[in-house]
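# Coordinate analysis (summary)
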Amino acid sequence: MRRLMFRKKGILEWEEVEPLSITGENQVIVEPISIARCDLDLPILRGETLFRAPFPVGHEFVGKIKSVSEDLANLYSVGMTVVSPFQISCGTCPACLHHHSNSCESVPYTSGYGMPPGAHSFGGAIADEIKIPFAKQMLFEIDKKIDAIGIASLSDNIAEVWKLAGRFLNQKKDPKVLVVGGFAGSIGLYTALFLHQTKKAEVLYVDTNSERIQLAESLGIPVEHYSQFPKPTKKYDLVCDASAEKSGWDFALRSLGRNAIFSSASIFWTNQWEIPYLEMYNQGVEIHLGRVESKESIEALYPYILSGTFTPEKIVTKTANFDNAKDAWLEESIKLVITK
């Protein structure tokens, strides 16, 4: 079978490997039919992260089942459309039982598809096949009425919506929410769209990128476009940072009101990072950082997508055929989806 490999900075290559096979219980082999490029994938390819080649790429995907282990024959059928968290989790260890599947204790820490260290063992999604271990824990059937392209990012960039905003909405009455866009481009837009469409908050999306601002504005989301982030003049109950740059981070932190909540999708590749500690202490804010919990967030967001309340497909800006993935994966766009 074919899979796409990150070989070195800026270089992708197709690789032929042995077809996958069922080797034990609770396993499913899936053919990815829509694979989304994560906001982190381009920085990885440009050498801007701590991930080092070589490894197979792609971790956000929707697929169709090709084969199942005998013990799952009554649960899953060939041809079923499914989505899987990109994080590998068993469902039975203490971390999984406490709803922290991103920290599963049955596999090496941070195991997942399409990024080290997990990619070396579990592969990537830009491939003819991908194997799902712990299938009863990891597989979600997708209703046939849902567009597979539109939810290709459900396991990560769409899941970030719950991490950044969804889980906090019941803690504040009619909250004012600021979403700071940036290099985590689709995450900020998915978050702003969810808040706008569910009408659970008064949302403002801000960014220094005109293309993202124009997309948000076309979807009816209130926006402010800056050439560079200014000194904040307004305060918010919840601030969601997707900037992944210092100026956006500083703007987000200084936009926090009293007893506000700060959440971030930004990754900074250092342990040395400044925060306005005394200012935040006096405001009494909560800070939420960390990796998304893919499985739990899929479960929380799927009902909004199924009902049509949340339509993440509107953030997809480019599609490309599987055969053209090697070139398309390197091209700039807000949200790319590879289709098959």
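The rules behind these values
Residues numbered from 1 in each chain as written. Predicted model: local features only at pLDDT ≥ 70, side-chain atom pairs only at ≥ 80, totals over all residues. Heavy atoms only, no water. UniProt positions renumbered as here; feature names shortened; annotations may be inferred. Helix = DSSP H or I, 4+ residues; strand = E, 2+ residues; numbered from the N terminus. Core = buried A, V, L, I, M, F, W, Y, C linked by side-chain atoms within 4.5 Å. Buried < 20%, exposed > 50% of the residue type's maximum accessible area, 1.4 Å probe, protein only. Contact = heavy atoms within 4.5 Å. 1 Å grid on protein atoms, 1.4 Å probe; cavity = no way out; pocket = protein on both sides within 12 Å on 5 of 7 lines; lining within 4 Å. Points joined across faces, edges and corners; volume = space filled by probe spheres on them. Domains from an automatic or database assignment. Pairing = 2+ DSSP bridges. Right-handed = clockwise from strand over helix to strand, strands pointing away. Axes fitted to C-alpha atoms, helices over the stretch in contact; angles between N-to-C directions.

This part covers the UniProt feature "transmembrane region" (unreviewed entry) in the protein chain. Those residues carrying the UniProt feature "transmembrane region" (unreviewed entry) are residues 177-195 in this numbering. Within the segment residues 177-195, helix and strand shares are 58% and 21% respectively, and the terminal C-alpha atoms sit 8 Å apart.

Glancing now at the nonpolar core. Val 28, Ile 132, Trp 329 and Ile 338 are the most contacted members of the largest nonpolar core, which has 47 residues in total. Those residues within four positions of Trp 329 in sequence are excluded, and the remaining contacts are Leu 12, Ile 35, Ala 36, Arg 37, Asp 41, Leu 42, Leu 45, Val 57, Gly 58, Ile 126, Leu 336 and Ile 338. If you look at the next biggest cluster of nonpolar residues, it comprises 46 residues, including Ile 158, Leu 169, Ile 187 and Leu 195.

A few words on the UniProt feature "domain: Alcohol dehydrogenase-like N-terminal" (unreviewed entry) in the protein chain. In the numbering used here, UniProt assigns the "domain: Alcohol dehydrogenase-like N-terminal" (unreviewed entry) feature to residues 24-133. Its end C-alpha atoms 9 Å apart, residues 24-133 is made of 12% helix and 24% strand.

On to the layout of surface pockets. Put simply, the largest pocket is a space of about 1,200 Å³. If you trace the largest pocket, you find 41 residues lining it, with Leu 40, Ala 265, Ser 266, Ile 267 and Trp 269 closest to the centre. Residue assignment places the lining of the largest pocket across two domains, with domain 1 (2-155 + 292-339) and domain 2 (158-289) each supplying three or more. Estimated volume of the second largest pocket: approximately 370 Å³. Along its surface, the second largest pocket is lined by 18 residues, and Gly 182, Phe 183, Arg 212, Glu 332 and Ser 333 are the ones closest to its centre. Only α1 (41-45), α6 (185-198) and α7 (210-218) provide two or more residues apiece to the lining of the second largest pocket.

Strand residues, when the strand is regular, have side chains that alternate between the two faces of the sheet. Buried residues dominate strand β9 (residues 176-180), accounting for four of its five residues. Sheet analysis places β9 next to strand β10 (residues 202-207), joined by five bridges and oriented parallel. In the strand pairing of β10, Val 180 is matched with Val 206. Once the chain exits β9 it traverses α6 before rejoining the sheet at β10, and the crossover so formed is right-handed. Strand direction decides the pairing type here: β9 and strand β12 (residues 236-241), joined by four bridges, are parallel. Across the sheet, residue Leu 178 finds its bridge partner in β12, namely Val 239.

With that settled, consider the sheet that holds strand β13 (residues 256-264). Within a beta sheet, neighbouring strands are joined by backbone hydrogen bonds and run either parallel or antiparallel to one another. Here we have six strands laid out as an open sheet, ordered β11-β10-β9-β12-β13-β14, and parallel in their pairing. What marks the edges here is a single partner per strand, and that holds for β11 (223-225) and β14 (286-288). Direction aside, the axes of adjacent strands within the sheet are offset by 15° on average.

Bringing the sheet that holds strand β2 (residues 11-16) into the picture now. What the three strands build is an open sheet, ordered β2-β1-β4; its pairing is antiparallel. Either end of the sheet is taken by a strand with one partner, and the two such strands are β2 and β4 (55-56).

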